[in-house]
Amino acid sequence: MVLSLSCQNSRGIVHAVSGALLSVQGDITDSKQFDSPDTGTFFMRVEFTTPESRETVEAALEPVREEFAMDLGLWEASRKTRTLVMCSKDGRTLNDLLFQQRAGTLSVEIPVIVSNHLELQPMAFFYGIPFIHIPVAKDADGNSNKAEAEAKLLDLVAEYDIELVVLARYMQILSNDLCRKLEGKAINIHHSFLPSFKGARPYHQAHDRGVKLIGATAHYVTADLDEGPIIEQQVQRVTHAQSAREFVIRGREVEGSTLSRAVKWHAEHRVLLDGKRTVVFD
């Protein structure tokens, strides 16, 4: 099992948690903790085995949770997180996720893929995953169907019992209302140049400016565009000798690995929120 918790720091937390697990014959196999000096919040993640049921473990932990006013979660370690992936036309990050799911290196189950375009439908078929096309467009009068499209998405989240939504290069801005409904349950990936090089062809813009580092940022989705709590970032050096096309290729590689790592950590319950930041027990 996996236990994660956060609460205001005080004496006796580790002792109380360990005692509760001992009472259900818990054998701790991994334990990490962090005391945030900025917020005074204590964070802890514990992996353990026990012959007892989940209900028995929850009952043993309940007095501890109440005593320290904990935000506490408990999961079966082998259970995979049901994940809906959204994409547009660029399939690199989508393929990374699907391949790792099939290989068993990513603790997620992807029952459905949603896209506002049809280009990546063959990839979904190759992996044997249902592909649902939800276009987002404006009519002749300039009226957008975004509200209807997002309503369909939420229907799919409920229908497929989705726990995590991953935006794998989904090139549409989500409404503030949808961001709030998916808070803490949606992960996005973008290049790490922001706030520089906004808009189209960011790698080409970066190439024109002669940048020496490219990279990617995976973060939780919030109503503040591309400013949600950061889960993972990676960078890679580039030089003047590389073309804009090579920048794009290298950038997509970094985006894919960064997103996969963030999804992996989330699915393994290694990420806890500390205000606008994250604590990641990797």
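Up top you'll find the structure we're talking about.
Draft legend 1. Spotlight on the layout of surface pockets. Looking at the second largest pocket, its volume works out to about 540 Å³. Along its surface, the second largest pocket is lined by 22 residues, and Ser4, Trp75, His266, His269 and Val271 are the ones closest to its centre. Listed by contribution, the elements that provide at least two residues to the lining of the second largest pocket are strand 1 (2-8), strand 4 (71-75), helix 8 (244-267) and strand 12 (271-274). Here the lining of the second largest pocket takes four residues from strand 4, the largest share from any one element. Each residue belonging to the lining of the second largest pocket can be placed in one class, and the counts come to eight nonpolar, seven polar and seven charged.

Draft legend 2. View of the environment of Ala147. One can find Ala147 in helix 5 (residues 146-159). Judged by its relative accessible area of 58%, Ala147 is exposed. A sequence separation of 11 residues divides Ala147 from Val136, and the C-alpha atoms of the two residues are 9.1 Å apart.

Draft legend 3. How the structure looks around the environment of Glu159. Note on placement: Glu159 falls in helix 5. Relative accessible area serves as the criterion here: at 58%, Glu159 is assigned to the exposed category. Separated by 156 residues in sequence, Glu159 and Leu3 have C-alpha atoms that sit 27 Å apart.

Analysis parameters
Residues numbered from 1 in each chain as written. Predicted model: local features only at pLDDT ≥ 70, side-chain atom pairs only at ≥ 80, totals over all residues. Heavy atoms only, no water. 1 Å grid on protein atoms, 1.4 Å probe; cavity = no way out; pocket = protein on both sides within 12 Å on 5 of 7 lines; lining within 4 Å. Points joined across faces, edges and corners; volume = space filled by probe spheres on them. Helix = DSSP H or I, 4+ residues; strand = E, 2+ residues; numbered from the N terminus. Nonpolar A, V, L, I, M, F, W, Y, C, P; charged D, E, K, R; others polar. Buried < 20%, exposed > 50% of the residue type's maximum accessible area, 1.4 Å probe, protein only.

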